[in-house]
2 protein chains.
Amino acid sequence: MVDKMGILNVKNHILVIQVFFMRKAILRNRQLLLYGGSLALLLFLLRWLELRLIIFDHSFEVYIGAIALLFTALGIWLAQKLTRPKTVLVEKQVFVPEQPFRLNEPEMEKLGISRRELEVLELMSAGLSNQEIAGKLFVSLNTVKTHSSRLFEKLDAKRRTQAIEKAKKLRLIP
Amino acid sequence: MVDKMGILNVKNHILVIQVFFMRKAILRNRQLLLYGGSLALLLFLLRWLELRLIIFDHSFEVYIGAIALLFTALGIWLAQKLTRPKTVLVEKQVFVPEQPFRLNEPEMEKLGISRRELEVLELMSAGLSNQEIAGKLFVSLNTVKTHSSRLFEKLDAKRRTQAIEKAKKLRLIP
DNA sequence: AGCAAAATCACCCGGAAGTATGAATCGTTT
DNA sequence: AAACGATTCATACTTCCGGGTGATTTTGCT
């Protein structure tokens, strides 16, 4: 009786180890019950095989082999279920819609270009004449001229085309 | 004797199954020898345990438990080794060095812009004056003027700045 | 309230840009 | 050889651009 209890304890111990192993691996996996159930079933099967094969006496090795196979399968199944997928990084070419132009404010500050001057610069780079710019901004032609003159000074340009080129390089206009 | 051979046959059969199982799984994996070796080692261990534990008589269940644990571990190890990684696609932002400008030849053809005119256009967009362009191309100022006039016609532009703007949109210049 | 920077406008002038027209030269195609 | 387009150059004229100077108004900040 005591002996039998001892054996049972050892078996329980093994069971505990197995369950612990599983728990640790799955943790927040709610399929724990399923695992427990299947393990219990396995142990029943084991006991059944034991009883059955003892009658057939010396099939001991067969028994061991079956156990080995069974638990190998169990291990594989466990691993399949419990391992998190090995992630593989695959670089995939993606079209990046070009960024919507960010004004280079520091350069603006540095050159001392005012808001109005920037407006004139933008319209200039769009290909408008001074007269057209004046019309768009509701100011006189002379005003546009003074703005553009200051602009050329600040950008160190002699012509409007040069000013546009430099401003584009400084990212003041798209 | 015959009986022993029978047992051996059964054991061999199990071994064959195991090996077959592994072969099927790994197939073109050249680590087959390693697996075979480790399995053989396991079976040796098994036999040793068998002999040893039979002396300790009724530790049968402990034996079974150990086998179970061992082969569970084997199964897990096998699965780990043999499963191909589950691939996960992760889009990763990659800097694309901007393409080095490709001339839009079809548009050139369509508009009937000549080689020389393109040269003038490029220098214009660089901010040069007609006089400077004439100097760079070793031609007279008048020549540059005629080229630019034709250019404005073909590009349907009234001013050089407008021509530059349109040409950039048509990818005739960078 | 007062100051500085920004924005507005004006006038003049020289030069650059653009238009119109005509023409010579050269290489390719038919 | 003739035709064509590209390239070259010229003259004359108009329009636009940019420089220089000065002035007034508006706005933001202290």
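A short tour of the structure in this document, coming up.

Cut-off values and rules
- Residues numbered from 1 in each chain as written.
- Chains lettered and ligands numbered in written order.
- Predicted model: local features only at pLDDT ≥ 70, side-chain atom pairs only at ≥ 80, totals over all residues.
- Heavy atoms only, no water.
- Helix = DSSP H or I, 4+ residues; strand = E, 2+ residues; numbered from the N terminus.
- Buried < 20%, exposed > 50% of the residue type's maximum accessible area, 1.4 Å probe, protein only.
- Contact = heavy atoms within 4.5 Å.
- Areas by Shrake-Rupley, 256 points an atom, 1.4 Å probe, with all protein chains shown as cover.
- Arc of directions from axis to C-beta.
- Near = heavy atom within 4 Å.
- Polar contact = N/O pair within 3.5 Å; in protein donor to acceptor, adjacent residues only side chain to side chain.
- Nonpolar A, V, L, I, M, F, W, Y, C, P; charged D, E, K, R; others polar.
- Salt bridge = Lys/Arg side-chain N within 4 Å of Asp/Glu carboxyl O.
- Axes fitted to C-alpha atoms, helices over the stretch in contact; angles between N-to-C directions.
- Parallel < 35°, antiparallel > 145°, perpendicular 65-115°, else oblique.
- Left-handed = near helix turned anticlockwise from the far one by under 90°.

## Regarding the overall build of chain A
Point 1. A count of helices and strands for chain A gives eight helices and zero strands.
Point 2. Ordered by position in the sequence, the α and β elements of chain A form the string α-α-α-α-α-α-α-α.
Point 3. Among the 174 residues that make up chain A, the fraction classed as buried is 35%.
Point 4. Of the contacts made within chain A by residues no fewer than 6 positions apart, 58% connect residues no fewer than 24 positions apart.
Point 5. By element, 63% of the accessible surface of chain A is carried by carbon and sulfur atoms, the whole surface being about 11800 Å².

## Observations concerning helix α6 (residues 130–137) of chain B
All names here are of chain B.
Point 1. Listed in full, the buried residues belonging to α6 are N130, I133, A134 and L137. Along α6, the residues classed as buried sweep out an arc of 100° about the axis, all on the same side. Opposite the buried face of α6, at more than 90 degrees from it, the exposed residues are Q131 and K136.
Point 2. Against α5 (115–125), α7 (141–155) and α8 (160–169) lie the buried residues of α6.
Point 3. Following α6 by one or two positions, F138 has its phi on the positive side, about 55°.

## What to know about the protein's contact with DNA strand C
Point 1. Around DNA strand C lies a shell of 17 residues, among which S114, V139 and S140 of chain A together with K145 and R160 of chain B are the nearest.
Point 2. Backbone atoms, meaning sugar and phosphate, form 64% of the atoms of DNA strand C found within 4 Å of the protein.
Point 3. At 2.8 Å from a base oxygen of DNA strand C is found a side-chain nitrogen or oxygen belonging to K145 of chain B.
Point 4. Mapped by element, the contributors of at least two residues to the surface near DNA strand C are α5 (115–125) and α7 (141–155) of chain A together with α7 of chain B.
Point 5. It is α7 of chain A that provides the largest number of residues to the surface near DNA strand C, a total of four residues.

## Some details on the protein's contact with DNA strand D
Point 1. Around DNA strand D lies a shell of 18 residues, among which R160 of chain A together with S114, R116, S140 and N142 of chain B are the nearest.
Point 2. Sugar and phosphate atoms form 67% of the subset of DNA strand D atoms that lie within 4 Å of the protein.
Point 3. Separating a phosphate oxygen of DNA strand D from a backbone N or O atom of N130 of chain A is a distance of 3.4 Å.
Point 4. A distance of 2.9 Å separates a base oxygen of DNA strand D from a polar side-chain atom of K145 of chain A.
Point 5. By residue number, the principal contributor to the surface near DNA strand D is α7 of chain B, which donates five residues.
Point 6. Split into classes, the residues belonging to the surface near DNA strand D amount to two nonpolar, nine polar and seven charged.

## Details of the side chain of T161 of chain A
Point 1. Tracing the backbone shows T161 of chain A in helix α8 (residues 160–169).
Point 2. Setting aside residues no more than four positions away along its own chain, T161 of chain A makes contact with M124, G127, R160, T161 and I164 of chain B.

## Here we look at the pattern of salt bridges
Residue and element names in this part refer to chain A.
Point 1. Counted under the stated rule, the structure contains 11 salt bridges over all chains.
Point 2. For K154, the salt bridge goes to E117, with nearest N and O atoms at 2.8 Å. With a gap of 37 residues between them, K154 in helix α7 and E117 in helix α5 connect regions that are remote in the sequence.
Point 3. For E117, a relative accessible area of 4% corresponds to the buried category.
Point 4. With its nearest N and O atoms 4.0 Å apart, the salt bridge here joins K166 to D156. Taken together, the positions of K166 in helix α8 and D156 in the loop between α7 and α8 put the pair 10 residues apart, joining distant regions of the chain.

## With respect to the packing of α5 of chain A against helix α6 (residues 130–137) of chain A
Helix packing geometry: the angle between the two helix axes and the distance between the axes.
All names here are of chain A.
Point 1. Contact geometry of α5 with α6 gives a least axis separation of 10 Å together with a crossing angle of 130°. By the criterion of interaxial angle, the relationship of α5 to α6 is oblique. Between α5 and α6 the crossing geometry is right-handed. The segment α5 lies against α6, with R116, E119, V120, L123 and M124 engaging I133, K136 and L137.
Point 2. Tallied by class, the residues present in the contact of α5 with α6 amount to five nonpolar, no polar and three charged.

Just distances and angles here, no functional claims.
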